[in-house]
Amino acid sequence: RRQAIQAWRRVLQFDADASHLQVAADEFYLALGRALLLEGQPKEAIPLLEKSNAAQQTSSALAFLGDAYEQIGDAEQAANSWKQAVRLDPNSVRSREGLARSALIRKQAAEALEWLAPLLEQPNFQSSSAYLAQRAYAILGKPEQVAKWEMTVAELRRQEQRRDLIESGIQR
């Protein structure tokens with residue numbers, strides 16, 4: 001990823017607005033911004049994710065922008081970005097989970113569950129969504145629900161680990 005970031009930055013030295021690439025500018029800025037975010041550089045990622053969003057508003061760019069704002073401690077901007085992403089894609093896992101985390105930080109468990117509900121209704125929801133539901137029920141003081149979601153989280157994590165092992169074996 002670091003090598004990709006360096007290469008993409010070199011591209012911007014020759015094509016500052018990413019307008020002469022074989023990939024759309026919004027996709028280029030999103031890829032670079034996402035890579036920077038995943039490398040722990042949210043401040044550097046934000047302007048690139050904003051450029052991606054300005055070039056073509058997508059739920060993905062907004063979701064990652066929300067994550068970047070969350071990482072620098074700007075909860076209001078994070079929530080605004082995630083809400084915009086959910087308006088574009090009501091099933092945006094990254095954004096709905098971000099909004100649920102934000103609600104849980106404020107001890108608003110019912111709000112967190114509202115953001116999570118569409119995800120938890122899907123047949124193949126993620127362990128991260130289940131874990132947030134577990135936390136919400138803990139705040140609500142519902143031990144039977146906490147236990148149910150704790151078991152669900154454990155099973156989903158096992159499934160995800162098996163899937164990751166299979167995928168890593170296929171990629172070799």
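In this text, all values refer to a predicted model and were calculated from it rather than measured experimentally. Within every chain, residues take consecutive numbers counted from 1 along the sequence as written. Local features in this predicted model are restricted to residues whose pLDDT is 70 or higher, and side-chain atom pairs enter the listing and the counts only when it is 80 or higher, whereas totals over whole chains, interfaces and linings include all residues. Excluding hydrogens and water, the side-chain figures rest on all heavy atoms present in the structure.

A. Representation of the overall build of the chain in the model. Only DSSP runs of H or I with at least four residues qualify as helices, and only runs of E with at least two residues qualify as strands; both kinds are numbered from the N terminus onward. The number of helices and strands found in the chain is 9 helices and 0 strands. Ordered by position from the N terminus, the helices and strands of the chain form the series α-α-α-α-α-α-α-α-α. Structurally, the chain occupies a C-alpha span of about 60 × 40 × 25 Å along its principal axes. The rule is simple: take the accessible area with a 1.4 Å probe, protein chains only, and divide by the maximum for that residue type; under 20% is buried, over 50% is exposed, in between is partly exposed. Among the 172 residues that make up the chain, the fraction classed as buried is 39%. It only takes one pair of heavy atoms within 4.5 Å for two residues to be counted as in contact. Residue pairs at least 24 apart in sequence account for 43% of intrachain contacts in the chain once pairs closer than 6 positions are excluded. Of the accessible surface of the chain, which amounts to about 10200 Å², a share of 49% is contributed by carbon and sulfur atoms. Considering the chain, the positive charge centre built from 22 side chains and the negative charge centre built from 22 side chains are found 5 Å apart. Note on areas: Shrake-Rupley, 1.4 Å probe, and residue coverage restricted to the protein chains presented here. Counted as positive: Lys and Arg. Counted as negative: Asp and Glu, with His and the chain ends omitted from the count. Just so you know, the charge point we use is NZ for Lys, CZ for Arg, CG for Asp and CD for Glu.

B. The arrangement of the pattern of salt bridges in detail. Think of a salt bridge as a Lys or Arg side-chain nitrogen and an Asp or Glu carboxyl oxygen that are within 4 Å of each other. Across all of its chains, the model carries 6 salt bridges by this definition. A salt bridge links E70 to R101; the nearest nitrogen and oxygen atoms lie 2.8 Å apart. Remark: R101 occurs in helix 6 (residues 93-105) and E70 occurs in helix 4 (residues 59-71); sequence separation between them is 31 residues. Across the salt bridge formed by E155 and R162, the nearest N and O atoms sit 3.8 Å from each other.

C. Layout of unusual backbone geometry. One non-glycine residue, K107, adopts positive backbone phi at about 65°. Note that K107 resides in the loop between helix 6 and helix 7 (109-120). K107 gets classed as exposed once you look at its relative accessible area, which sits at 58%.

D. Representation of the packing of helix 7 against helix 8 (residues 127-140) in the model. Put simply, helix 7 and helix 8 touch, their axes get as near as 9 Å, and they point 150° apart. Judged by the angle between their axes, helix 7 and helix 8 are roughly antiparallel. The hand of the helix 7/helix 8 crossing is left-handed. Across the interface between the two elements, A109, A112, L113, L116, L119 and L120 of helix 7 pack against S129, A130, L132, A133, A136, Y137, I139 and L140 of helix 8. To get an axis, a line is fitted to the C-alpha atoms, and for a helix only the part in contact is used. The angle between two axes follows their N-to-C directions and goes from 0 to 180 degrees. For this classification, under 35 degrees means roughly parallel, over 145 means roughly antiparallel, 65 to 115 means roughly perpendicular, and everything else is oblique. Left-handed describes a crossing whose near helix is turned anticlockwise from the far helix by less than a right angle; the clockwise case is right-handed.

E. Inspection of the packing of aromatic side chains at higher detail. Only rings of Phe, Tyr and Trp enter the pairing, Trp through its six-membered ring, and a pair is recorded when the two centres are within 6.5 Å. The plane angle decides the type: under 30 degrees is stacked, over 60 is edge-to-face, the rest tilted. With the rule as written, the count across this model stands at 2 aromatic pairs. On the numbers, 5.9 Å between centres and 70° between planes, the contact of F28 with Y29 is edge-to-face. Neither residue differs from the other here; F28 and Y29 are each classed as buried. The ring of Y131 has R157 lying over it, and the distance from NZ or CZ to the ring centre is 5.6 Å. Each ring is checked for a lysine NZ or an arginine CZ that lies within 6 Å of its centre and within 35 degrees of its normal; such an atom marks a charge sitting over the ring.

F. Geometry of the environment of R135. Relative to the helices and strands, R135 is located in helix 8. The class for R135 is partly exposed, based on a relative accessible area of 30%. Here the alpha-carbon distance between R135 and P90, two residues 45 residues apart in the chain, equals 22 Å.

G. A look at the packing of helix 6 against helix 8. Two numbers describe how helix 6 lies on helix 8: the axes approach to 10 Å, and their chain directions differ by 20°. Relative to helix 8, the element helix 6 is oriented roughly parallel. By crossing handedness, the relation of helix 6 to helix 8 is classed as left-handed. Residue-level contacts link V93, E97, A100, R101 and L104 of helix 6 to S128, S129, L132, R135, A136 and I139 of helix 8.

H. Molecular detail of the side chain of N53. Its place among the elements puts N53 in helix 3 (residues 42-55). Judged by its relative accessible area of 16%, N53 is buried. If we skip the residues at most four places from it in the chain, N53 touches T58, A61 and L62.

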